[in-house]
Amino acid sequence: MDTINVAKYLLVLESLKLAEDDAELDKRKQASRSKQLLEHNLEVLRKFTPNNNNVLIDKTVSTLNASWLENELLLHPIRVTSDDKALCYVVYMHYILLEIMNNINFNSEAKEDLLSTRHISLCIEAVQDLANYALHGQLHTTFYETNVFKCENAKENSGSNYQLLLVSIEVFEHFLKIKQLHLANAMEAVMRDYMAAIFSLRLAHATQDCSLQDQTLKVLQNKLNHIWLYVSKVEYLRNIMLLKSIPHAPADLQRQLHQELIQKLLSKDGFTTLVATLHTAQGAESRGMGVNRAPLSDKQIFEIIANIVAFRGHTQRAQSTLIRQIFKFLDICLLNQSAMIDCMGAGLLSLRRLYDLSSVNKTQISELIANNFANFSKPTDVLSGLIVLEHKELSLLIAVQYQLFCSSTVECLPSELLIPYLPLLLQMYHNMPEGFLQKKQLASIITRCLHNRTLVELQQIITKLYKQTFDNDWQQLHPRVVIYPNVEQTQLTVKIASSETKQDLSPSLALPELLMNADHHLLTYRVFMILLEQMSNILDDDTVGQHEAQIELLQTEDELITFLNSKYPVKVEILLSLNTLIAHQPLKSQITENTTDFLRFLRTLLQKRLNKRNITSCNDQQTEAMDQTLHILLTLTQELLEQTQMPETYRDLVPALQQLHGQTPNQLIKARINCLLTLLNGEFKTNAAQQASVFNAARTLIESAESHLQVYGIQMLLDLLRKRDSVTLANAHLLIALALSTLKNKESYTFLNCVRLFVGLVHVMEAEVLETLADEYLSDQAQMDYRLVVGEAMLKVSHELGPLCYKYKDTLLNCFMHGARSPLNEFRMSSFANLAQLTRILCYQVHKFFQELLDLIDCELSTGKYLPAKRAATLVLSELLEGIDNLVDFEDMLLPIYRVLKVIEADENTDSRMRQHAANGLKALTEKCKKFLFPEMQLQKEIRIFGINEASNKSGNAKGHILELN
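Report on the accompanying structure. These figures come from a predicted structure and were not determined experimentally.

## Let's talk about the sheet that holds strand β1 (residues 387-389)
1) Next: In space, the 3 strands of this open sheet follow the order β1-β3-β2, with antiparallel pairing throughout. Where the open sheet ends on each side, the last strands, each with one partner, are β1 and β2 (481-485). For this sheet, the mean inter-axis angle between neighbouring strands, taken without regard to orientation, is 40°.
2) Next: Where β2 meets strand β3 (residues 492-496), 5 bridges bridge the pair, whose relative direction is antiparallel. Bridging from a neighbouring strand, V481 pairs with I496 of β3.

## A short note on the side chain of S377
1) Next: Structurally, the position occupied by S377 is in helix α18 (residues 359-377).
2) Next: Here S377 falls in the buried class, since its relative accessible area comes to 11%.
3) Next: Side-chain polar atoms of S377 contact the side chain of Q475, separated by 3.1 Å.
4) Next: With residues near it in sequence (within four places) discarded, S377 still touches Q475, Q476 and H478.

## Side note on the packing of helix α40 (residues 825-841) against helix α41 (residues 850-863)
1) Next: The contact between α40 and α41 brings their axes to 13 Å, and the two run at 140°. The pairing of α40 with α41 is recorded here as oblique in orientation. Between α40 and α41 lies a crossing whose hand is left-handed. Taking contact as the criterion, the partners of R828, F832, L835 and T839 in α40 are, on α41, L853, L856, I857 and E860.

## Quick look at the packing of aromatic side chains
1) Next: Per the stated rule, a full pass over the model turns up 8 aromatic pairs.
2) Next: Between Y9 and Y95 the ring centres are 6.1 Å apart and the planes differ by 85°, which places this aromatic pair in the edge-to-face class. Linking Y9 in helix α1 (residues 3-15) with Y95 in helix α5 (residues 85-102), this pair joins segments that are 86 residues apart in sequence. This pair shows no difference in class: Y9 is buried, exactly as Y95 is.
3) Next: For the pair F271 and F329, a centre-to-centre distance of 5.1 Å together with 80° between the ring planes defines the contact as edge-to-face. A residue pair is termed long-range when its members are at least 10 positions apart, and F271 in helix α12 (residues 270-279) and F329 in helix α15 (residues 316-335) qualify at 58 residues.

Parameters and conventions
Residues numbered from 1 in each chain as written. Predicted model: local features only at pLDDT ≥ 70, side-chain atom pairs only at ≥ 80, totals over all residues. Heavy atoms only, no water. Pairing = 2+ DSSP bridges. Helix = DSSP H or I, 4+ residues; strand = E, 2+ residues; numbered from the N terminus. Axes fitted to C-alpha atoms, helices over the stretch in contact; angles between N-to-C directions. Buried < 20%, exposed > 50% of the residue type's maximum accessible area, 1.4 Å probe, protein only. Polar contact = N/O pair within 3.5 Å; in protein donor to acceptor, adjacent residues only side chain to side chain. Contact = heavy atoms within 4.5 Å. Parallel < 35°, antiparallel > 145°, perpendicular 65-115°, else oblique. Left-handed = near helix turned anticlockwise from the far one by under 90°. Phe/Tyr/Trp six-rings, centres within 6.5 Å; stacked < 30°, edge-to-face > 60°.

Here you go:
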């Protein structure tokens, strides 16, 4: 560093009086003061640097060492007269500041190169002051039409020294590359004037005010590109927008600015930069950028951005590029919510405008959405244990879809795009545990898509969902893609499960749960009526159930699917959905408002049921299914009647109900009809009113929040069930729902009594109670404690039924065996413990499931790491032996059981309780073998009567036996 020269020129800068705006002075005084300062500074500069203008210009050009500039000045030399004080000041300052900047290494940390803060501030002020004369004052006259560029330092005449302006641009490029000069946004105004100067030269060339070589034009464009790439993209676009705001700008300038804006917008991160530029425009105004207008709202800014992006004049390639940028921008906003979440509306609105522009854009957006879901429906690899999406990636994907389709009715994309993904979204919702934000967002997405459909479209969608007759473009969750929560239930991971994993992937299972948790009650009503109509259509089909497949427990999966499809085509899932929705209170309010439609369907179903009864060829499965649907409707009708106080519109149902009461053998339907007829005929007798009041009182107690009141209500319901109360029997389905709700109570006093209620209900509705409990027990969404209590209730109900529960062995055994495969340790232990009790009850049915049971136990004992589960698995074999009565019937099973228990008992390293369970089982087996091999001598009783038809005793002296005495 030339220390002498730098010190000299820094001293020159300190001697200058640099202009500062004073808001208290008017324009005239400000101009007069600026003129005085300019004269003083020029006098100081000439004193320290006595060279004339031409010499200084030559030194400056030589220092810059720019061949393009030298070539340009050869053709058009610079002419600066001594009378033009502003240009003379520019020439002197060019030379001095270049000397300072070239002799100081701003990037060096050496002590001899360090510059004081005061000197850096002095250099910044000098560069800013020079920009006012060298750049701002030499612009094309067009730029002075806007307040941004109005300045008292601008030349009063219409001409500009474009040759000197070229030198200034090259000089300021050197300044702008020095990072230390950009402290506290000090170069914002300089950057604005620098870009305006470049466009002034290009405009002057286009209007033939000056002539520039092609090389010079390329260099000017490169200087703009350098700012975009290395200085600040936000400032660049903001300055372009400021230049575009010039009123009455020539067409050439408008074209240049528009091309520059589009070119930078289509470059990498162009859209993100545009949003950041306009969103921070208010801050720029507050820093004195010269824009004197009211601040724009976010909505207005988003509209401006959307109008720029979704301009019809863009090429299709440009529109495609912008669409990809917007999707990337949305990801950035969601990943940086604290800084950019407020800007997301700009991307959403722009994307919607682009979507509406052309069919090509619609196709591209659809493909990008399809790519987001491809990992769920068609994973690239199905290697077991492979992680498809981490929690962060899954959260981002769902959040983006939520913003795209649920942000607002104006900005979001049309929900019809999601119709092909409804099965996939419902399956994801069903498999996702409760309590996660992602599940709520999925629910909102699905609900928005269904709610925006017409009645005909909704009916078609529901039909496809329940029949699973999807079009080729409809997407479903891959059978091996599973959403796993972590142990703390705080994060979700999408993985590839093992090939043995079986998932229930029916999308219709999630729909009732989703509707009951949503606030779109009209949608719930529409879906409910569509399901009723579908059920009615299925029951009209006489081919249903004619080809019934026979199946036994533990057959192949294909046979099981064939059996279910032949015996229960679609109607099982519809019945489950109807049973779930009927308990939804807002649904009843919607039905009350639409009584006519509901009554029309109820009359139709009653008539069909009566006609089916009169047709001898009607199959029993159809009748049973129709009775289930009819019972649901009658239950709902009764509750509606109680709420609406017997409207006259229901009275025409009385003849059909009376006729059905005399024909149907179904006792539940008869009980329900009796209650309905009582309500419809207005026969509120004392005993009927009393029965209803007792039941309602018990229901109120069980629905209370206090534990002791719930238990008292349970006891009242148990008494009513023992007495076969008609109102209670008619509301048996409601009792199941109440019992399930109460079973979730954490108080042991409450849920233990609730188990007693299930035991009482099983005598009224055996199949319904067991099937409902099995569904709840296997529900992955339920909490662990609740599922364990449900398992206890199932076991108590089985004990209550005793050997009669063999009718439901398929449901019970499959339920607990499925639970024995659970990855949750406590749940697996509970399933094995329940299996132990159940096998003791159903030991004579053990042949059909013994091999699978033994495989489960062997797997747990050999690979399980949870000791209580291994103990429970050992207990299963021990209890099975306890329940065996006849060894001959079980001879093929005894050897495998004996071997397993013997190994456990003989291993001293095994857990003591496992050894004890094994010892108990072997002891029971030993005792049964002894009884079988060495049966005890049985005493036979013989009663003989002597003295009848026998010869008399020849020895008269001999005494006879006491029994022989008369």
